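Spelled out from the first residue to the last, the chains are:
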Amino acid sequence: MATNTLDDRDADDYSETESALETALRQLSAAATQVDVDDGVIERLKHPTRVVEVGVPLKRDDGSVEVYTGYRAQHDDVRGPYKGGLRFHPDVTAEECVGLSMWMTWKCAVMDLPFGGAKGGVVVNPKDLSTEEKERLTRRFAEEIRDTIGPKQDIPAPDMGTDAQTMAWFMDAYSMQEGETTPGVVTGKPPVIGGSKGREEAPGRSVAIIAREALEYYDTDIGEATVAVQGFGSVGANAARLLDDWGADVVAVSDVNGAAYDTSGLDTHAVPSHEEEPEAVMSYDAPNTLTNEEVLELDVDVLIPAAIGNVLTADNADDVQANIVVEGANGPTTSAADTILEERGIPVIPDILANAGGVTVSYFEWLQDINRRQWPLERVHEELESMMLSAWDDVRAEVEARDVSWRDAAYVVALERVGEAKSSRGLWP
Ligand code: GLU
């Protein structure tokens, strides 16, 4: 796959790589061989509880009407309400939502959160819509899936193409229809209406924490470490800046247009993130530039793919020269690439651990909403740090005890927790 940019892949590129669902099912089967969980439970976990499909009509600014398709996939809720993001992206499919909802089940279980897994979205390119059109689309989508979600049933959050503002509109639409302000129906809201401080930067912060722990585990001093980050949105930019603050040299960061590259380390705070100025990484005055493909092949201590899924594939995994890969995006490594990297001895710290800070602070937000009491930022940081370290320890213990990859170890931790919950609750009726 020879691409310079992250967004210009056509349908053929996708058909060459496996779907999120195929990857998720393959990972579940691999983990199932490692754990003592009943076959019936594994079988149940291969299927989502439900996938809701809705038509979402939108009156465009020019008066014409278009109907978009929206989905909400709910995978499993044995440990608590369904939880997971909503994406606005042209490649959203029912199947992709199911695969991503499974990852949310494992992610919440690895973090030991009292949530199950869900994911949803609308098949739309948000770049084609005005702000007003995005607001109308979000409100109508909220209405169409209102019966499916709720603070005790299923709690959406931001994902690709959606943000705190999207969640504010969503929460408002839901609350208006319910007749009461219901902040706990979504997380990732602006703090002024019940969002948590630190939620926005949380996925990137957890990626940085896990990268720091991985460097220490593999005996590399963070002050001597080099880092390359693909994607400079919320996850990539926050991870890059924290690692930079903690002494690492972030030598390359990229967006859809390519990468800024400086072997002596970029000033990551001076590179505009997607939120600050979309697609402006190349406006930073770097000594060198690279393509996105070249970023993945840099000889660095830590490579963080933090843009989209399926960027590390059978085609380029042999060319990866990083010592450690820490997954910032959901599903950036295909199964084929995973196998190649494992054979080459390059550890891949999986998304369901590394970027789980997002849903963890979502959990804090949900608690704050229920209690109607906001936490100070310091408390969010402290509790996130301690939950990330405890999940890291749980996964590390399985890596050492079973001599398996970090991904398999994370799945073992998650599957044991979900499996035990399913066995002890039993099958109804
Ligand atoms: N969309 C984020 C994820 O993939 C966050 C989900 C959440 O906070 O519920 O983890």
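What you see is a predicted model, and the numbers here were worked out from it, not measured in a lab. (Residues numbered from 1 in each chain as written. Predicted model: local features only at pLDDT ≥ 70, side-chain atom pairs only at ≥ 80, totals over all residues. Heavy atoms only, no water.)

I keep staring at the overall build of the chain and nothing clicks. Help me out?
Along its length, the chain carries 14 helices and 12 strands. In terms of C-alpha radius of gyration, the chain reaches 20 Å, essentially the compact-globule figure of 22 Å for 429 residues. Relative to its 429 residues, the chain shows a buried fraction of 59%. With the model as given, the accessible surface of the chain reaches about 17,100 Å², and the carbon-plus-sulfur share is 45%. For the chain, the distance from the average position of its 36 positive side-chain charges to the average position of its 80 negative side-chain charges is 10 Å. (Helix = DSSP H or I, 4+ residues; strand = E, 2+ residues; numbered from the N terminus. Rg over C-alpha atoms; globule rule 2.2 N^0.38 Å. Buried < 20%, exposed > 50% of the residue type's maximum accessible area, 1.4 Å probe, protein only. Areas by Shrake-Rupley, 256 points an atom, 1.4 Å probe, with all protein chains shown as cover. Lys, Arg positive; Asp, Glu negative; His and termini not counted. Charge placed at Lys NZ, Arg CZ, Asp CG, Glu CD.)

Is there a simple way to think about the pattern of salt bridges in this case?
One side chain can pair with another of opposite charge once the charged atoms of both are near each other. A complete count under the given rule lists 31 salt bridges for this structure. Residues Lys189 and Glu365 are paired through a salt bridge, measuring 2.7 Å at the closest nitrogen-oxygen approach. Taken together, the residues Lys189 in the loop between helix H6 (164-178) and helix H7 (202-217) and Glu365 in helix H12 (residues 357-371) connect sequence positions 176 residues apart. Glu365 carries the same exposure label as Lys189, and that label is buried. A salt bridge links Glu276 to Arg241, with the shortest nitrogen-to-oxygen separation between them at 2.9 Å. (Salt bridge = Lys/Arg side-chain N within 4 Å of Asp/Glu carboxyl O.)

I would appreciate a short explanation of the pairing of strand E2 (residues 65-76) in the present structure.
Relative to E2, strand E1 (residues 50-59) is paired through 10 bridges, and the arrangement is antiparallel. Bridge pairing links Leu58 to Glu66 in E2. In this antiparallel pair of consecutive strands, E1 and E2, the connection spans 5 residues, and Gly63 shows a positive phi of 95°. Pairing of E2 with strand E4 (residues 117-123) involves 6 bridges; the strand directions are antiparallel. The residue bridging Gln74 from the neighbouring strand is Ala118, located in E4. (Pairing = 2+ DSSP bridges.)

Teacher, can you tell me more about the packing of aromatic side chains here?
Two measures describe an aromatic ring pair: the distance that separates the ring centres and the angle between the ring planes. This structure, assessed with the given rule, holds 11 aromatic pairs. For the ring pair Tyr363 and Phe364, a centre distance of 6.2 Å and an interplane angle of 45° mean the geometry is tilted. Consider the rings of Trp392 and Trp406, whose centres lie 4.6 Å apart with planes at 15°: the pair is stacked. Here Trp406 lies in helix H14 (residues 406-425) and Trp392 lies in helix H13 (residues 377-402), a separation of 14 residues in the sequence. Taken as a pair, Trp392 and Trp406 share a single burial class, namely buried. (Phe/Tyr/Trp six-rings, centres within 6.5 Å; stacked < 30°, edge-to-face > 60°.)

When you look at unusual backbone geometry in this model, what are you seeing that I'm missing?
Across the chain, the bulk of peptide bonds are trans and the bulk of non-glycine residues have phi less than zero. In this chain, Trp428 is followed by Pro429 through a cis amide linkage whose omega measures 5°. Relative to the helices and strands, Pro429 is located in the segment after H14. In this structure, Glu279 takes a positive phi of about 55° despite not being glycine. As for its position among the elements, Glu279 is in the loop between strand E8 (258-261) and strand E9 (288-290). A positive phi is found at Asp403, a non-glycine position, where the angle reads about 55°. Relative to the helices and strands, Asp403 is located in the loop between H13 and H14. Asp403 gets classed as exposed once you look at its relative accessible area, which sits at 71%.

Please clarify how the site of the ligand should be interpreted in this entry.
Near the ligand you find 14 residues, and of these Lys83, Lys107, Pro158, Asp159 and Ser362 are the closest. Within the side chain of Asp159, an N or O atom sits 2.8 Å from a nitrogen atom of the ligand. A distance of 3.0 Å separates an oxygen atom of the ligand from a polar atom in the side chain of Asn330. If the ligand stood free it would expose 290 Å²; the protein chains cover 93% of that surface. If you list the elements that add at least two residues to the shell around the ligand, you get strand E3 (82-89), helix H4 (94-110), strand E5 (154-158) and H12. (Near = heavy atom within 4 Å. Polar contact = N/O pair within 3.5 Å; in protein donor to acceptor, adjacent residues only side chain to side chain.)

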